[in-house]
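Summary of structural features
Here's the letter readout for the chains.
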Amino acid sequence: MLDHIHLGCANVYATAFDLMNATKLGHYDGGFTRDVAVGQKTMPLGGGVYLEIESIVDPFATADTARRPWWYTRAVALKSAVFSGVCLRVNTMDELNDIAKRHGGTTRLNMRTPPDGPQVKFWEAPSGVADPWRTGKPNWCCWESRLYAHPSGQPVVNAPGLAQPAGVTWIEMGGTKAEMQAWLGQNPDDLKMTFNGKSPGVYAVGVKTDSGDVEIRRPPAAPPARS
Amino acid sequence: MPLHIDHISLASPHIFRSADTLAKETGLGYWTGEWLRDSSVNIVPLGPPGNFIEISGIIDIFSLRHMDERKQWILDITETGDHFNGLCLGVDSLEELEAFAKHWKSTVNRADNPDPAAHFQRANGYILPMASTPTGKRTPWMHGLPNVYYYPDRTYHSSGQPTHPIPNQVQPTGLKWVEVGGTPEQLAEWLGGMQYVEMLPLKFNGKSLGVWAVCVGAEERDDIVIRRPAASDAVPVSKYGEWRS
């Protein structure tokens, strides 16, 4: 099932606020990640799915361009927030280990420090191989027994006029259904994916809310495939 | 209240990490999400009557492609970690604020400026009405000197907003004192008289100008002293010459 969608940008504050105004979907401060100096805003989409909005917030830790997140260059070039990737969720570590093995990799622990206490932890795969997001493919995660603290279920800021999200109704991907099915090992229809035949990556997300459907459309971060 | 301390600014290379570190060090909670263009602040309320520390830093590194003196100053004073970079005083009326503006031969940055980009904005869109002086190309902070604020409506003042819950959180009971560099005479010259200096709970250490420590009372524990170098320790105030409005 879908777990989260990532949006990389220049200014996590302005991007989250502008998106909230446009969609009436609330957000909250997600804190910062450990390995790259990135700050996060989290926008719950309903149905156990969330949008992860991130930008670099430490000018020094990322002065070395090699340490900057890979989507940074694309966001700079396009002068826009970019969809960097999709993460799917499995229920058990056995399932995640099987997926990692099938793609020739391993699992790794992803950690984030929120403003309000214990670190947020989930495992993701495949690790130790080329990052699937960089070629527009989803990866997978497992929250083990910590779904009670899942980011999709946390309270948002008390902005006026917010809509209540009720889940992702579709997600528009590049490439073809056959390519995606080969990567996933499952029917992409189960994940409400549609395909536009363009270069790989996420192009748009449809979200159902109590005040109508909203569409979030941004360029994909994955560079166009070479022909 | 007569002239009083409103807040203290702590410049940080990474405001998320600095707030997390300060919370672990002191047990003081903080709230997040206020930003102005390329900068953001995490707010640490200090208790009644209404003071706070703002942990501030650049959060949009795209903006550094177009460098200016202010951004360079922030980078220079945070390259080696957190530094106190501003003492922010408060008055209770626009008339008092205008008197300080006149003293500095400056103007007032008005609270009713209709441009949202001129104000710090909270994550829910709220803009706290806030006026300040002096105005100008350079902030007096770069000279290690305080500026002054006036809030027409303090209902949602930054010191009174709920914080994120943190482990081992303590309840602050108010600002006790602020340690600053320089001498009372130097500050009196800046503010326009020793009577103003005597209104403020300041300790002078004779070092370079700026804030060096903040002491906060706390329920059921000893006072908390937050000690960080002043910005002038990283970039001498002499770099910016005499104050000009």
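Look up: the structure comes first, before these words.
Conventions we followed
Within each chain, residues carry numbers counting from 1 in the order of the written sequence. Naming scheme: in the order in which they are written, chains are lettered from A and ligands are numbered from 1. Under the rules for a predicted model, residues below a pLDDT of 70 receive no local features and side-chain atom pairs below 80 are neither given nor counted, while totals for whole chains, interfaces and linings still include all residues. For the side-chain quantities, the full set of heavy atoms in the structure was used; hydrogens and water were omitted. Numbering of helices and strands runs from the N terminus, with a helix taken as a DSSP run of H or I at least four residues long and a strand as a DSSP run of E at least two residues long. The globule rule used here is 2.2 Å times the number of residues to the 0.38 power, and the radius of gyration it is set against is calculated over C-alpha atoms. Partly exposed describes any residue whose relative accessible area lies between the buried limit of under 20% and the exposed limit of over 50%, with all areas from a 1.4 Å probe on protein chains only and scaled to the type maximum. Note on contacts: a residue pair qualifies if any of its non-hydrogen atoms lie within 4.5 Å across the two residues. In these tables, accessible area is a Shrake-Rupley quantity obtained with a 1.4 Å probe, and a residue counts as shielded only by the protein chains included in the view. For the purpose of charge, His is not counted, nor are the chain termini; Lys and Arg are scored as positive and Asp and Glu as negative. The location of each charge is read from NZ of Lys, CZ of Arg, CG of Asp or CD of Glu. For two strands to be treated as a pair, DSSP must find at least two bridges joining them. For this analysis, a salt bridge means a side-chain nitrogen from Lys or Arg found within 4 Å of a carboxyl oxygen belonging to Asp or Glu. Under the rule applied, a polar contact is a pair of N or O atoms within 3.5 Å (in protein, one hydrogen donor and one hydrogen acceptor; residues adjacent in sequence only if both atoms are side-chain atoms). Throughout, an axis means a line fitted to C-alpha atoms (over the contacting stretch in the case of helices), and angles, computed between N-to-C directions, take values from 0 to 180 degrees. Buried and open spaces are told apart on a 1 Å grid over the protein atoms alone, a cavity being a set of points where a 1.4 Å probe fits but cannot get out and a pocket being an open set with protein on both sides within 12 Å along at least five of seven lines. Residues with an atom within 4 Å of a point are the lining residues. Grid points are joined across faces, edges and corners, and a volume is the space filled by probe spheres set on the points. Residue polarity follows a fixed list, in which Ala, Val, Leu, Ile, Met, Phe, Trp, Tyr, Cys and Pro are nonpolar, Asp, Glu, Lys and Arg are charged, and the others, Gly among them, are polar.

Looking now at the overall build of chain B. Broken down by element type, chain B carries six helices and eleven strands. Expected size for 245 residues packed as a compact globule is a radius of gyration near 18 Å; at 17 Å, chain B falls within 12% of this value. Taking the principal axes of its C-alpha atoms as reference, chain B extends roughly 45 × 40 × 35 Å. Residues counted as buried form 58% of the 245 residues belonging to chain B. Looking at chain B alone, contacts between residues at least 24 apart form 70% of all its contacts between residues at least 6 apart. Carbon and sulfur atoms provide 52% of the accessible area of chain B, an area that totals close to 10500 Å². Placing the 21 positive and 29 negative side-chain charges of chain B at their respective mean positions leaves the two points 5 Å apart.

As a further point, take the pairing of strand E10 (residues 211-218) of chain B. All names here are of chain B. Burial within E10 is extensive, with eight of its eight residues counted as buried. Alignment of strand E8 (residues 172-180) against E10, held across seven bridges, turns out to be antiparallel. Looking at the pairing, Val178 lines up with Val214 of E10. When E10 meets strand E11 (residues 224-227), the two strands line up antiparallel, connected through four bridges. When the bridges of E11 are listed, Val216 appears paired with Ile224.

This paragraph deals with the pattern of salt bridges. Per the counting criterion, the structure on display carries 19 salt bridges over all chains. Its salt-bridge partner being Lys177 of chain A, residue Asp189 of chain A comes within 2.8 Å of it at the nearest N-O pair. Taken together, the positions of Asp189 of chain A in the loop between helix H4 (177-184) and strand E10 (193-195) and Lys177 of chain A in helix H4 put the pair twelve residues apart, joining distant regions of the chain. Accessibility expressed as a relative area gives 41% for Asp189 of chain A, which makes it partly exposed. On the accessibility criterion, Lys177 of chain A (33% relative accessible area) is partly exposed. Salt-bridge contacts for Glu34 of chain B lead to Arg122 of chain B; the nearest nitrogen and oxygen are separated by 3.1 Å.

Bringing helix H2 (residues 69-78) of chain B into the picture now. Within an α-helix, residues lying three or four positions from one another point in the same direction, as the helix has 3.6 residues per turn. Residues and elements named next belong to chain B. What H2 keeps buried is the set Lys71, Trp73, Ile74, Leu75, Ile77 and Thr78. For H2, the secondary structure elements touched by its buried residues are strand E1 (4-11), strand E4 (52-58), strand E5 (83-90) and helix H6 (231-234). N-cap assignment for H2: the residue whose side-chain oxygen lies 3.2 Å from the backbone N of Arg70 is Asp68.

Residues and elements named next belong to chain A. Taken together, the four strands give an open sheet; going across it, the order is E10-E9-E11-E12, and neighbouring strands pair in mixed fashion. Single-partner strands in this sheet number two, and they are E10 and strand E12 (212-217). Across the sheet, the mean angle from the axis of one strand to that of its neighbour is 25°, orientation sign disregarded. Bridge count for strand E9 (residues 165-173) against strand E11 (residues 202-209) is six bridges, and the pairing is antiparallel.

Turning our eyes to something else, we now look at empty space enclosed by the protein. Regions of empty space are outlined by a rolling probe, equal in size to a water molecule, passed over the atoms. All names here are of chain B. This model, assessed by the stated rule, comprises four cavities of 30 Å³ or more. Taken as a whole, the largest cavity spans an internal volume of roughly 180 Å³. Lining the largest cavity we find 20 residues, and of these Gly144, Leu145, Leu209, Gly210 and Val211 sit closest to its centre. Elements with a minimum of two residues in the lining of the largest cavity: E5, helix H4 (184-191) and H6. Examining the composition of the lining of the largest cavity, we find that four residues originate from one element, E5, more than from any other. Its residues placed into classes, the lining of the largest cavity shows twelve nonpolar, eight polar and no charged.

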